[in-house]
Amino acid sequence: MPPTGVRAPRSAVPGTDAAAVALDGDWRFRLFPTADTGVDPADPGDGWGSVPVPGHWQLAGAPDAWPHGRPAYTNVLFPVPVDPPRVPRDNPTGEYRRAFTVPAGWRDDGRVVLRFEGVDSWFEVAVNGRVLAQSHGSRLPTEVDVTDALGEGPNLLAVRVTQWSAHTYLEDQDQWWLSGIFRDVTLLHRPAGGVEHVTLHAAYDHATGEGVLRVAVEPARPDAVVEVPELGLRTRAGEEVRARVEPWSAESPRLYDVLVRTAAETVTLRAGFRTVEVVGGVLTLNGAPLKLRGVNRHEFEPTRGRAVTRATMLADVLDMKRHHVNAVRTSHYPPHPHFLDLCDEHGLYVVDENDLETHGFEPLGWRGNPTDDPAWEPLLVDRVTRMVRRDAHHPSVVMWSLGNEAGAGCNVGAMAAAVRALDASRPLHYEGDWSSEHVDVYSRMYPTSEETALIARGEEAPLPDATLDARRRVMPFVLCEYAHAMGNGPGGLTEYLDLVDEHARLAGGFVWEWFDHGIATRTADGEPYFGYGGDFGEELHDGTFIADGLLLPDRTPSPGLVELAAAYAPVRVRATQAPRTLELRNRYAFTSTAHARLVWTLVADGAVLAEGELDDVLAPGERREVRADDVLGDRLDALLADLDPTAAAWWVLRAVPRGDDPGFPAHLGLGAGQVLVRAPVPPPRATGKAVPTAGGWRVGPVELDATGRPVRVGGAAVRLARADAWRAPTDNDRIRSWYDAVGDGEAWERAGLGRLHERVDDVRAEDGAVVVTSRVAGAATDCGLRVRTTWRTVDERTADLVVELTPEGRWPGTVARLGWLLALEQPHAGGVRVDWTGLGPGESYADSHLAALAGRWQHTVDELQTRYTHPQENGARRGVTRAVLGLADGPLTLTAGEVRVAHRTVPGLELTARPWSDRALAEARHPHELVPDGALWLHLDAVQHGLGSAACGPGVQADAAARPAPATLQVRLRA
Ligand code: GAL
């Protein structure tokens, strides 16, 4: 049954002069094990405890105490038997009590109303012992007219909230199960003759430059007047007026105050004039193609769950803008209404999604799915209706979404019809029914880039129904989810974004997802950490799948978010196939690049050799190629000629904002990119001789034992040195992608890469060098790497190492890396300073490196680590030509020489430095479990496997995959 005893849903306008009192604060509270609490709504709850409202009762004492149950995480599975619409007897139920007084004068005129912005999942409202309403729809508002139940003195408000209800079956979103009154509660005065609801139509006619405004009010009132002071407009409600305006877009979020007055009330709206339309199969805004560079956002804070504060909402919006995100899908429910006010104001395109997901029916073959059962139609229609009525006045909302992963069925059509009857001005979205029968855009989640390319060209596989197919084939295409940001990732963004740039049909997409939902908690000894599924004693859970965001739980931008900023940048800078050439592309739809300085630098060996500025201004959508040779002329070759041949030289171009910089990642600005203008040349072969010693040899600063094993490098003892092919699996490595027969982690396990053993075949002095021939292979497998290690003396303090790897045998799949592992005894490894030259400053991988630019960077080993919520491979730096490590007994300099993989030369090596081993990293479940072990663990790699998005979506693409292939790595060590 839809909610009973409630008022008609209405717009959540940002301003009104009608009085309101916030009822937030500590409410009396008691938790019962079943819905049948036996407590009289007239019982004031004297002697009960209290919880904060808004809040979830499970988090009421977090992270120190959990007096009212604990959070629980499942992705798809229902934590209750699938028995709709019934729920188990065990049903945690909160009884809330609060006294309130009605301000003087309110009752002389009009009504007194209680407004709940969100209560999870079912609730009953009583005032002074009188039960007035029952409601549900956790992320939707409910208003209850309490006028007739009010008494003279303080009034007793009683709210009973159950954790489980019939509506749980509609709210199976991938998130924590958290209950209670988690959004604001307000006492409203609704004056007689006031403005209950407004329908705002504020379109933009891009042909004439005019805004078209029409504001209707409910109930209709002849005295209702609409004013736009800034435009000098004054008209009657319901009438249409036109005026020249500045349009609204995410690029320029221009808003106009609109006042709607009756004698009893004035409400204020903020109108943005814009028109969203599908024109010829292209999604457009104000006549220009609309490209959504988006993220999926759940509401979340580590100690508050979905009871997010306004400060967090603002921080989310600003962090999105700083990382060049221009769109949000409010996965998978309408957000707190204030979030949409912020999107209007700061400029974000919003796909507002209905509070509907029935994913837990999928494992049952969708048997009993409410989406396809007419009995549920009124409930589903109630939900979309409440969303559209609440939010339709927001210019930021460019599309309605009927829900997520709720399967197909009759109620999709019913919801679509209900939305269209309320608002025909926005396209409809729903991914769950690929026929797209009831919607206006074709949407999918996690297709491969190959399939996306087919769709981009209108060449997708046909639907069985020819009429539906013909209809869908001319729809714009949206990736409602792509690039799963779980743990270290996502990799492979450009494959999708290049298609979006090239093809009119592609309207862009939304990365999954914005925030890692780690819940702040503590170990038994009080150590704080962020928990995920299974950390709260759940009977069923989905582990780390909840930690899949671009922001780490403490709001640190993950390397994935910095990469996203580079990938979404409005000024795209890319190397082209032509030598020493960059392509600039202005991705803005309405804005030229005049607000950006196009600054270039010639960077060699980490130093800036020359710099300058292009005086180009690119019009919206324009692209242009620039050649370093044209810009620098003869200077370029002259500068390169003077360079040390072992240095790489890069031409780097940045779009630097001229005015206010809202805090874009500093090295990226409004967009940056680079092209290699000169590849490094390996140093000539060293000719010094190894010196035989009592126990083996001495090669420059390196002592080798009789088996050719390095035992000291300069002053540092060696704990371990050998070829390596493994890494601590990322979440993407651990999970096999939908599109692959074997997962990467699985292949590495089968190849035994995590348990490598070395067999030494031969050690000899050859031509003054020490040459070690060995084989490294995993227990229980017969594939392995033949290794030839050559040590040559350069001088007393310098040695040359060449490691040549050749795979042998039959391999089950990819390798994690091909390189050399060196662990040096180092009591304070985390504090060791690393001064390095290469692509930085952050970590980068073969399919995630747009944010890594040529330069010279300084970090401590601790700073090189990324503390993913679930520990895993992290921190690799690529294109490293030199690194100086500040070891306890003096600096050790590593200089890359020849680096080759599968017979191709690579500019620089990949460097990783950690205060713990990969084994420890792989075994840790949370960052605090990682303890420095007294060694500095260095990986010097010729190649490392990319990241991909296998946890949800495709794995690593062929061009970023590390395969068993011959590899050579030359490194000069100077101690
Ligand atoms: C999608 C779903 C999201 C999330 C994601 C995996 O299928 O729509 O809600 O579960 O997978 O993280």
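Residues numbered from 1 in each chain as written. Predicted model: local features only at pLDDT ≥ 70, side-chain atom pairs only at ≥ 80, totals over all residues. Heavy atoms only, no water.

(A) Up close: the pattern of salt bridges. Applying the stated criterion across every chain yields a total of 90 salt bridges. Taking the shortest distance from any N to any O, the salt bridge between Arg190 and Glu265 comes out at 2.8 Å. Residue Arg190 is found in strand β15 (residues 185-190), and its partner Glu265 is found in the loop between β21 (256-261) and β22 (266-271); the two are separated by 75 residues along the sequence. Owing to a relative accessible area of 4%, Arg190 belongs among the buried residues under this scheme. Judged by relative accessible area, which is 1%, Glu265 ranks as buried. Residues Asp498 and Arg572 are paired through a salt bridge, measuring 3.3 Å at the closest nitrogen-oxygen approach. Placement of the pair is Asp498 in helix α7 (residues 493-502) and Arg572 in strand β36 (residues 571-575), with a sequence separation of 74 residues. Since its relative accessible area comes to 9%, Arg572 is described here as buried. By sharing partners, the salt bridges in this structure join Asp498, Asp501, Glu502, Arg572, Arg574, Glu583, Arg585, Arg587 and Arg623 into a single network. (Salt bridge = Lys/Arg side-chain N within 4 Å of Asp/Glu carboxyl O. Helix = DSSP H or I, 4+ residues; strand = E, 2+ residues; numbered from the N terminus. Buried < 20%, exposed > 50% of the residue type's maximum accessible area, 1.4 Å probe, protein only.)

(B) Structural context of the packing of helix α3 (residues 377-391) against helix α4 (residues 410-422). Viewed as axis vectors pointing N to C, α3 and α4 meet at an angle of 30°, and their least axial separation amounts to 9 Å. Of the possible angle classes, the one that applies to α3 and α4 is roughly parallel. The way α3 lies across α4 gives a crossing that is right-handed. Residues Glu377, Leu380, Val381, Val384, Thr385, Val388 and Arg389 of α3 form the contact with α4, whose own contacting residues are Asn411, Ala414, Met415, Ala418, Val419 and Leu422. (Axes fitted to C-alpha atoms, helices over the stretch in contact; angles between N-to-C directions. Parallel < 35°, antiparallel > 145°, perpendicular 65-115°, else oblique. Left-handed = near helix turned anticlockwise from the far one by under 90°. Contact = heavy atoms within 4.5 Å.)

(C) Representation of the sheet that holds strand β9 (residues 122-127). One open sheet accounts for six strands, arranged β4-β3-β6-β12-β9-β10; its pairing is antiparallel. Each of the sheet's edge strands pairs with one partner strand only, and the pair in question is β4 (49-53) and β10 (130-136). Adjacent strand axes in the sheet meet at a mean angle of 30° when their direction is disregarded. Where β9 lies against strand β12 (residues 155-162), six bridges are found, and the strand directions are antiparallel. Across the sheet, residue Phe123 finds its bridge partner in β12, namely Val161. (Pairing = 2+ DSSP bridges.)

(D) Looking closely at the site of the ligand. Every one of the 13 residues lining the ligand counts as a neighbour, but Asp174, His332, Glu405, Glu481 and His484 are closest to it. Interatomic distance of 2.5 Å between a side-chain N/O atom of Glu405 and an oxygen atom of the ligand. Residue Trp512 places a side-chain N or O atom 3.0 Å away from an oxygen atom belonging to the ligand. In isolation the ligand has 310 Å² of accessible area, and contact with the protein removes 96% of it. Grouping the amino acids of the shell around the ligand by side-chain chemistry returns five nonpolar, four polar and four charged. (Near = heavy atom within 4 Å. Polar contact = N/O pair within 3.5 Å; in protein donor to acceptor, adjacent residues only side chain to side chain. Areas by Shrake-Rupley, 256 points an atom, 1.4 Å probe, with all protein chains shown as cover. Nonpolar A, V, L, I, M, F, W, Y, C, P; charged D, E, K, R; others polar.)

(E) Highlighting the nonpolar core. One finds Leu402, Tyr482, Val511 and Leu564 to be the most contacted residues of the largest nonpolar core, which totals 97 residues. Those residues in contact with Tyr482, other than ones at most four positions away along the chain, are Tyr446, Leu493, Tyr496, Leu497, Gly509, Phe510, Val511, Trp512 and Tyr568. Formed by 70 residues, the second largest nonpolar core is a distinct cluster that contains Ala913, Leu930, Ala967 and Val971. (Core = buried A, V, L, I, M, F, W, Y, C linked by side-chain atoms within 4.5 Å.)

(F) Quick look at unusual backbone geometry. Looking along the chain, the bond that leaves Asp120 and enters Ser121 is cis, with omega of 0°. You can see Ser121 is positioned in the loop between β8 (119-120) and β9. Each neighbour pair has its own omega, and for Gly840 with Pro841 the value is 5°, a cis peptide bond. For Pro841, the position within the fold is in the loop between β53 (833-840) and β54 (853-860). One non-glycine residue, Trp366, lies in positive phi territory at about 65°. With respect to the element layout, Trp366 can be found in the loop between β28 (349-353) and α3. Residue Trp366 is classed as partly exposed on the basis of its relative accessible area of 28%.

(G) Representation of the packing of aromatic side chains. Inspection of every chain in the model, using the stated rule, returns 21 aromatic pairs. With centroids separated by 5.5 Å and ring planes inclined at 85°, the aromatic side chains of Trp176 and Phe536 adopt a geometry described as edge-to-face. In this pair, Trp176 sits in strand β13 (residues 175-177) while Phe536 sits in the loop between β35 (528-531) and α8 (559-568), placing the two residues 360 residues apart along the sequence. Taken individually, Trp176 and Phe536 each receive the classification buried, so the pair is uniform in this respect. A ring pair is formed by Tyr446 and Trp738, whose centres lie 5.7 Å apart and whose planes are at 80°; its orientation type is edge-to-face. Linking Tyr446 in the loop between β31 (442-445) and α5 (449-456) with Trp738 in the loop between α11 (731-734) and α12 (744-750), this pair joins segments that are 292 residues apart in sequence. What makes Tyr446 buried here is its relative accessible area of 2%. (Phe/Tyr/Trp six-rings, centres within 6.5 Å; stacked < 30°, edge-to-face > 60°.)

(H) Main features of the sheet that holds strand β37 (residues 581-586). The antiparallel open sheet is built from three strands, whose spatial order is β36-β37-β40. Looking at which strands have only one partner, the edges of the open sheet turn out to be β36 and β40 (623-627). Direction aside, the axes of adjacent strands within the sheet are offset by 20° on average. Judged from the five bridges that link them, β37 and β40 form a sheet pairing that is antiparallel. Residue pairing in the sheet places Glu583 in a bridge with Glu625 of β40. Sheet strands touched by α7: β36, β37 and β40. Its angle to β36, the strand with the most contacts, is close to 115°.

(I) Summary view of the UniProt feature "domain: Beta galactosidase small chain/" (unreviewed entry) in the protein chain. Sites flagged by UniProt as "domain: Beta galactosidase small chain/" (unreviewed entry) map to residues 698-974. Taken end to end, residues 698-974 comprises 8% helix and 49% strand; its first and last C-alpha atoms sit 14 Å apart. (UniProt positions renumbered as here; feature names shortened; annotations may be inferred.)

(J) Up close: the pairing of strand β58 (residues 909-914). Counting buried positions along β58 yields six of six residues, so the element is predominantly enclosed. Because side chains alternate across β58, one face comprises the buried residues Leu909, Leu911 and Ala913, and the other comprises Glu910, Thr912 and Arg914, equally buried. Alignment of strand β55 (residues 877-887) against β58, held across two bridges, turns out to be antiparallel. Within β58, the position partnered with Val880 by the bridge is Leu909. Pairing analysis gives five bridges linking β58 to strand β59 (residues 935-944), with the strands arranged antiparallel. Each bridged residue has a counterpart across the sheet, and for Thr912 the counterpart in β59 is His939.

(K) How the structure looks around the environment of Gly659. With respect to the helices and strands, the residue Gly659 is situated in the loop between β41 (649-657) and β42 (672-678). For Gly659 and Glu362, which are 297 residues apart along the polypeptide, the C-alpha to C-alpha distance reads 51 Å.

(L) Seen up close, the layout of surface pockets. The calculated volume of the largest pocket comes to roughly 1,500 Å³. Together, 46 residues line the largest pocket, and Ala846, His849, Arg878, Arg904 and Asp959 are the ones closest to its centre. If you list the elements that add at least two residues to the lining of the largest pocket, you get α7, β36, β42, β55, β57 (904-905) and β59. Ranked by the residues each element gives to the lining of the largest pocket, the list is headed by β42, at five residues. Within the lining of the largest pocket, the residues separate by chemical class into 24 nonpolar, 12 polar and 10 charged. (1 Å grid on protein atoms, 1.4 Å probe; cavity = no way out; pocket = protein on both sides within 12 Å on 5 of 7 lines; lining within 4 Å. Points joined across faces, edges and corners; volume = space filled by probe spheres on them.)

(M) Representation of the state of the cysteines in the model. Taken as a whole and assessed by the stated rule, the structure comprises zero disulfides. The structure places no disulfide on Cys952, whose sulfur is separated from the nearest cysteine sulfur, that of Cys480, by 10 Å. (Disulfide = S-S within 2.5 Å.)

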